[in-house]
Amino acid sequence: MKRLLLRSVTGLLVLSVAAVAVVDTLNRQDEDRVPQALQVQQMQREPTATAQLVERGRYLALAGNCAGCHTVRGGTPYAGGVGIATPFGLVYSSNLTPDTTHGIGDWSAAQFWRAMHNGRSREGRLLYPAFPYPSLTKLTREDSDAIYAYLQHALLPSARPNDAHTLRFPYNTQAALALWRAVSFRPASYVQKSDRSPEWNRGGYLVEGLGHCIECHGTRNALGAIQDRMGLSGGSLRIDGWYAPSLLNEREAALSHWDERHIAELLKTGRSDAGSVMGPMADVVYESTQHLSDADLGAMATYLKALPAPTAMVASAAKNAPAAPSRRDSAVMLRGEKVYAQQCAYCHGNQGEGSIDAYPPLAGNRSVLMDPPTNLIRIVQRGGYLPATQGNPRPYGMPPFGQVLHDQDLTAVLTYVRGAWGNYAAPVSAQALFKR
Ligand code: HEC
Ligand code: HEC
Ligand code: HEC
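Just so we're clear, the structure is a prediction, and the values are computed from it rather than from any experiment. (Residues numbered from 1 in each chain as written. Chains lettered and ligands numbered in written order. Predicted model: local features only at pLDDT ≥ 70, side-chain atom pairs only at ≥ 80, totals over all residues.)

**What about the site of ligand 3?**
1) Next: The immediate surroundings of ligand 3 are formed by 26 residues, with Cys-344, Cys-347, Gly-384, Tyr-396 and Met-398 found nearest.
2) Next: Of all the elements in the fold, those that place two or more residues in the shell around ligand 3 are strand 7 (275–276), helix 16 (345–348), helix 17 (366–369), helix 18 (374–382), strand 8 (384–385), strand 9 (397–398) and helix 19 (407–417).
3) Next: With three residues, the single largest contributor to the shell around ligand 3 is helix 18.
4) Next: Residues of the shell around ligand 3, tallied by class, amount to 18 nonpolar, eight polar and no charged. (Near = placed C-beta within 6 Å. Helix = DSSP H or I, 4+ residues; strand = E, 2+ residues; numbered from the N terminus. Nonpolar A, V, L, I, M, F, W, Y, C, P; charged D, E, K, R; others polar.)

**Describing helix 15 (residues 330–343)**
1) Next: For helix 15, with 14 residues, the first-to-last C-alpha span of 20 Å sits near the 20 Å given by 1.5 Å per residue.
2) Next: Looking at helix 15, one finds that the buried residues are Gly-336, Val-339 and Tyr-340. Seen end-on, helix 15 carries its buried residues on one side only, within an arc spanning 100°. Structural note: helix 15 exposes Ser-330, Ala-331, Leu-334 and Gln-342 on the side pointing more than 90 degrees away from its buried face.
3) Next: The inward-facing, buried residues of helix 15 contact helix 16 and helix 19. (Expected span 1.5 Å × (residues − 1). Buried ≥ 20, exposed ≤ 12 C-beta atoms within 10 Å, placed from the backbone. Arc of directions from axis to C-beta. Contact = placed C-beta atoms within 7 Å.)

**Overview of the site of ligand 2**
1) Next: Taken together, 26 residues are adjacent to ligand 2, and Gly-211, Cys-213, Cys-216, Gly-275 and Met-281 come closest.
2) Next: Elements with a minimum of two residues in the shell around ligand 2: helix 10 (214–217), strand 7 and helix 12 (279–287).
3) Next: Ranked by the residues each element gives to the shell around ligand 2, the list is headed by helix 12, at four residues.
4) Next: Its residues placed into classes, the shell around ligand 2 shows 16 nonpolar, nine polar and one charged.

**Some words on the pairing of strand 1 (residues 83–86)**
1) Next: Here strand 1 pairs with strand 2 (residues 89–92) via four bridges, running antiparallel. Residue Thr-86 lies in a different strand from strand 2, and its bridge partner there is Gly-89.
2) Next: Between strand 1 and strand 2, which pair antiparallel in sequence order, lie two residues. (Pairing = 2+ DSSP bridges.)

**Some words on the sheet that holds strand 2**
1) Next: Read across the sheet, three strands follow the order 1-2-3 without closing on themselves; strand pairing throughout is antiparallel. What marks the edges here is a single partner per strand, and that holds for strand 1 and strand 3 (166–167).
2) Next: Where strand 2 meets strand 3, two bridges bridge the pair, whose relative direction is antiparallel. Bridge pairing in strand 3 links Gly-89 to Leu-167.

**Concerning the nonpolar core**
Where a protein is soluble and globular, its nonpolar side chains tend to be buried together.
1) Next: Core analysis: the largest hydrophobic core is formed by 66 residues, its most contacted members being Phe-112, Leu-151, Ile-263, Met-300 and Leu-304.
2) Next: Counting 19 residues, the second largest nonpolar core, distinct from the first, contains Tyr-340, Val-368, Leu-369 and Leu-414. (Core = buried A, V, L, I, M, F, W, Y, C linked by C-beta atoms within 7 Å.)

**Details of the domain arrangement of the protein chain**
1) Next: Considered domain by domain, the protein chain is made up of domain 1 (43–184), domain 2 (198–317) and domain 3 (330–434).
2) Next: When each unit is reduced to the centre of its C-alpha atoms, the spacing between domain 2 and domain 3 is 23 Å.
3) Next: With 19 residues of domain 2 at the interface, the matching set in domain 3 holds 16 residues.
4) Next: Listing elements by their share of the side of domain 2 that touches domain 3, those giving two or more residues are helix 11 (260–269) and helix 12.
5) Next: Broken down by element, the side of domain 2 that touches domain 3 gets its largest block of residues, four residues, from helix 12.
6) Next: Broken down by class, the residue content of the side of domain 2 that touches domain 3 amounts to nine nonpolar, six polar and four charged. (Domains from an automatic or database assignment.)

**Topic: the environment of Trp-258**
1) Next: In this fold, Trp-258 is placed in the loop between strand 5 (243–244) and helix 11.
2) Next: Through-space distance from the C-alpha of Trp-258 to that of Gly-422 is 22 Å; in sequence the pair is 164 residues apart.
3) Next: With sequence-adjacent residues up to four places away left out, Trp-258 is seen in contact with Ile-263, Ala-274 and Lys-305.

**What to know about the packing of helix 3 (residues 51–63) against helix 7 (residues 141–154)**
1) Next: The contact between helix 3 and helix 7 brings their axes to 7 Å, and the two run at 105°. Taken together, helix 3 and helix 7 sit at an angle that is classed as roughly perpendicular. Residues Leu-53, Val-54, Arg-56, Gly-57, Arg-58, Leu-60 and Ala-61 of helix 3 form the contact with helix 7, whose own contacting residues are Asp-143, Ala-146, Ile-147, Tyr-148, Ala-149, Tyr-150, His-153 and Ala-154.
2) Next: Partitioned by chemical class, the residues of the contact of helix 3 with helix 7 number 10 nonpolar, two polar and three charged. (Axes fitted to C-alpha atoms, helices over the stretch in contact; angles between N-to-C directions. Parallel < 35°, antiparallel > 145°, perpendicular 65-115°, else oblique.)

**A closer look at the packing of helix 1 (residues 2–27) against helix 8 (residues 174–184)**
To characterise two packed helices, one gives the angle between the axes of the helices and the distance between these axes.
1) Next: With their axes 9 Å apart at the nearest point, helix 1 and helix 8 run at an angle of 70° to one another. In terms of axis orientation, helix 1 runs roughly perpendicular to helix 8. The way helix 1 lies across helix 8 gives a crossing that is left-handed. Where helix 1 abuts helix 8, its residues Val-23, Asp-24, Leu-26 and Asn-27 lie against Ala-178, Leu-179, Arg-181 and Ala-182.
2) Next: Counted by class, the contact of helix 1 with helix 8 contains five nonpolar, one polar and two charged residues. (Left-handed = near helix turned anticlockwise from the far one by under 90°.)

In structure tokens:
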């Protein structure tokens, strides 16, 4: 009996040691190109930071919206401290200024690249994927070196200490993160597709890698990991309940029917004749895509336009199977019509036709028709501005109605705009107003 017990304990031990070894090996995949810390100190063979390299790094950092996550509102650029909400708690972005104590002043280019490519910090700590390295891993070493040169040479050091993450147990342990990574993360490179044009490939590199569009537009599994194979199939954000629509699905925000010119214009200015951005996407345009060159925006447009429609598997999993014709309560519709006439029509038009270059049409507008109606609810509750961009410097604003209208009037007008002028989307319920 004793012997049996001993044997099973030994067996268990061996098994767990083996499991730990496997998890550890998986976590170190593709790290061989990074020399050990000691060697790094001896070598210090950094890319020489020419003005050209620094400028290139500045541009790439804009394309990756590094400042967007690493700068608190009104704070020192790149000094970190932004709390990123995850299902497991808050992860704070790090100080990326060249401060040697609190920032990355004493990092080597190789260590920086290991952070981008492998998601590992200077001293070896595994990083949380709130830092979008599952996408940034596709960056080339050259581009990583350029961003590194920019951060080291163009910024002033800031002595702001990093904040401790506030994650719940066991998610706050390195062991849990190592396990998550063993299942959900592999370092990768962007693989050029030889049957596609250089332009398409450039667009793919920017969209899949640096632009990390999938971090919002991707579907996540129960572990909170992006499901790569489903592509840009749409995802709910942990930012005020916004929904980043599928860029594949016709019923959501697929771009296959758009002119490439309109796609590039949307990313450059926040609006085009085919649609406009709002909420978190307005921030992406403001902080990032408006700064990109016409060539890069054109490449992204080429790639986005060519995205394949969802495969059968994905389509059947999609939440918005054809909406069953929903009965609209005529009293609600009447009430909504009245609210619309008083509050909305003077901008969006009596027939929801909008006005060119100022107010978007609501008739046939996919932001209005989309399921779930979260974005529609958010914009009407909170209002919004298109981003002020060089191409659209003084955008018109949409006033917030959350404080102006009772919930009943709000649901009525939302139901009305989804059901009037040929629009045919499900009514909005009172519960939906509070859903996060
Ligand atoms: C969506 C938000 C987000 C974006 C975009 C983002 N980061 Fe981060 N980054 C984070 C968070 C959060 C952390 C902290 C992760 C941790 O501590 O585990 C982090 C950590 C890092 C680290 C590790 C720092 C350290 O001290 O270990 C580096 C390096 C870094 N980011 C560089 C970049 C660069 C370069 C870009 C742009 C290409 C970028 N980040 C874009 C959120 C972001
Ligand atoms: C921080 C999260 C976030 C990131 C990152 C992000 N998006 Fe979005 N995106 C959204 C949200 C939310 C919406 C829905 C609001 C809207 O329609 O503007 C959206 C909408 C869109 C739309 C539809 C606009 C319309 O009106 O039809 C396009 C196209 C788009 N995003 C492209 C991109 C591309 C390309 C990238 C990568 C460069 C990207 N997004 C990165 C959150 C994000
Ligand atoms: C003062 C003019 C004005 C009024 C009044 C107004 N809006 Fe808007 N609305 C705008 C502007 C400007 C935008 C574009 C802003 C943006 O996309 O961030 C907009 C955007 C929208 C959008 C998003 C459309 C899209 O393509 O992204 C919806 C939906 C909307 N309004 C509905 C309403 C409803 C419903 C009312 C009445 C309760 C209303 N608006 C009242 C000016 C107005």
